[in-house]
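Coordinates in review
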Amino acid sequence: MKTGLSAGARALNLRGVLIYPAYLDPPAQAALLADLRAVIAAAPLFAPVTPGAKPMSVRMTAAGRYGWFSDRAGYRYIPTHPDGQPWPAIPETVLAVWRALVSAERMPDCCLVNYYGEAARMGLHQDRDEADFAWPVLSISLGDAALFRVGGTARRDPTESHWLGSGDVAILGGPARLAYHGIDRLRPGSSRLLAEGGRINLTLRVVD
Ligand code: SIN
Ligand code: MN
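Report follows, based on the coordinates. (Residues numbered from 1 in each chain as written. Chains lettered and ligands numbered in written order. Predicted model: local features only at pLDDT ≥ 70, side-chain atom pairs only at ≥ 80, totals over all residues. Heavy atoms only, no water.)

**What to know about the overall build of the protein chain**
The condition that has to hold: Elements are defined by DSSP. Helices are runs of H or I of four residues or more, strands are runs of E of two residues or more, and each kind is numbered from the N terminus. Atoms counted for the radius of gyration: C-alpha only. Globule rule: 2.2 Å times residue count to the power 0.38. Throughout, exposure labels follow a simple rule: accessible area from a 1.4 Å probe, protein chains only, divided by the maximum for the residue type, with under 20% read as buried, over 50% as exposed, and the rest as partly exposed. Note on contacts: a residue pair is in contact if any heavy atoms of the two residues lie within 4.5 Å.
The number of helices and strands found in the protein chain is two helices and 13 strands. Scaling as 2.2 N^0.38, a compact globule of 208 residues should have a C-alpha radius of gyration of about 17 Å, and the protein chain matches this with 16 Å. Across its three principal directions, the C-alpha atoms of the protein chain cover 45 × 40 × 40 Å. Sorting the 208 residues of the protein chain into buried and exposed places 50% on the buried side. A sequence separation of at least 24 residues applies to 71% of the contacts in the protein chain between residues at least 6 apart.

The following block contains the structure:
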C-alpha cells in the first residue's frame, strides 16, 4: 500500500532524539496539512500565556482527548478548547505516523498543533506534563525549516542543533524522553507547503 511514509526509514541520532528526515513525502505532507486545516477550522489557534504572564510567540490548538494549555495558573492538559468545545479527533493521517513508528496498540491522547509565524520561537523546555514517560513524544514538522536544539535532562547540559525540514519526524523517547529541547528560529521562505508561510509542528503525546 502506498502511504507516503518512508518504510524502513533511517534515523539520525541527535543526543538520543531520533530524527527521520523527509519521512513524509510531499503528497503525504499535503494530505496531512488538509486534515490540519480542518482541525484548525474547528478548534481555532490561540496564543497561550506562560505562568509568568508572557505571551508565547507560537500559536496553538490541539486534537484528541486533551489539548495542552498554559495560562497564569500553570501548564496543563485540558479536555476542551478554551472556547468550551471538545477538541476535534486526531486525523487518521496523523495516527498512521504514530502507528508506523511508535505503537499500533495505544494511540496518543493529544496531538498538539503549534503554528510558528516567521518570528516565532520556543525556549528550551522539557515535555513533562504527561503521566507516563515510558511513551515517547513524536513530532512532525511541516512548512518552513526550523532550528531545533536538543540538550540533556538538565537545563545546563550541552546542546546540539539540527534544522528540521518539512516532512521530518522526530521522536523523543527512551533516555531522551525528558531531554530539554526548543526552536531557536525559522528559516522563512524555505518551504512552499504553507501558503501563508511559517511552520506547523505536531506533537503526539500519551497523556494519562
Ligand atoms: C514542542 O516542543 O512542543 C515543539 C517542538 C517543535 O516545534 O519542533
Ligand atoms: Mn516540547
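**Notes on the coordination of the manganese ion (ligand 2)**
Heads up, the rule is: Think of the donor list as every N, O and S atom within 2.8 Å of the metal, or within 3.2 Å for Na, K and Ca; water never makes the list, so a site can look incomplete.
Every protein donor of the manganese ion (ligand 2) is accounted for by His125 (NE2), Asp127 (OD) and His181 (NE2), and the metal-donor separations fall at 2.2 Å. Written as a sequence motif, the donor residues of the manganese ion (ligand 2) are H-x1-D-x53-H. Here His181 lies in strand E12 (residues 181–187) and His125 lies in strand E7 (residues 122–125), a separation of 56 residues in the sequence. Judged by its relative accessible area of 22%, His125 is partly exposed.

**A word on helix H1 (residues 26–42)**
For the record, the criterion: Here the expected span of a helix is defined as 1.5 Å times the quantity of residues minus one. The directions from the helix axis to the C-beta atoms are what the arc is built from. Pairs of N or O atoms within 3.5 Å make up the polar contacts considered here, provided that, within protein, one atom can donate a hydrogen while the other can accept it, and that residues adjacent in sequence are counted only when both atoms are side-chain atoms.
The terminal C-alpha atoms of H1 lie 25 Å apart, and with 17 residues this matches the ideal 24 Å at 1.5 Å per residue to within 8%. Every buried residue of H1 is accounted for by Ala28, Gln29, Leu32, Leu33, Leu36, Val39 and Ile40. Across the axial projection of H1, the buried residues extend over an arc of 135°, all falling on one side. Among the exposed residues of H1, those oriented more than 90 degrees off its buried face are Pro27 and Ala41. Between the side-chain oxygen of the N-cap and the backbone nitrogen of Ala28 there are 2.9 Å, and the N-cap of H1 in question is Asp25.

**So, the side chain of Ser141**
Residue position: Ser141 is located in strand E8 (residues 137–143). Residue classification places Ser141 among the buried residues on the basis of a relative accessible area of 1%. There is a polar contact of 2.8 Å between the side chain of Ser141 and the side chain of Arg199. Apart from residues lying up to four places away in sequence, Ser141 is in contact with Leu164, Gly165, Ser166, Gly167, Asp168, Arg199, Ile200 and Asn201.

**So, the site of ligand 1**
Rule in force here: Whether a residue is near a molecule or strand depends on its heavy atoms: if one lies within 4 Å, it is near. Accessible surface area values rest on a Shrake-Rupley calculation with a 1.4 Å probe, where residue burial reflects the displayed protein chains alone.
Taken together, Asn114, Tyr116, Met122, His125, His181, Ile183, Arg199, Asn201 and Arg205 make up the full set of residues near ligand 1. Tyr116 is positioned with one of its side-chain polar atoms (N or O) 2.5 Å from an oxygen atom of ligand 1. Between ligand 1 and His181, the relevant distance is 3.0 Å, taken from an oxygen atom to a side-chain nitrogen or oxygen of the residue. Within the complex, 97% of the 260 Å² of free accessible area of ligand 1 lies under protein. At the level of elements, strand E6 (110–116), E7, E12 and strand E13 (199–205) are the ones that each hand at least two residues to the shell around ligand 1. The greatest single-element share of the shell around ligand 1, amounting to three residues, is contributed by E13.

**Quick word on the environment of Met107**
Inspection of the secondary structure assignment puts Met107 in the loop between helix H2 (92–101) and E6. Among the residues examined, Met107 registers a relative accessible area of 21% and is labelled partly exposed. Linking Met107 and Arg37, residues 70 residues apart in sequence, is a C-alpha distance of 21 Å.

**Things to note about unusual backbone geometry**
A positive phi is found at Ala22, a non-glycine position, where the angle reads about 50°. Following the sequence through the fold, Ala22 ends up in the loop between strand E2 (17–20) and H1. With phi around 75°, Ala53 is a residue other than glycine that occupies positive phi space. Here Ala53 shows up in the loop between H1 and strand E3 (59–64). Using a relative accessible area of 33% as the deciding quantity, one classes Ala53 as partly exposed.

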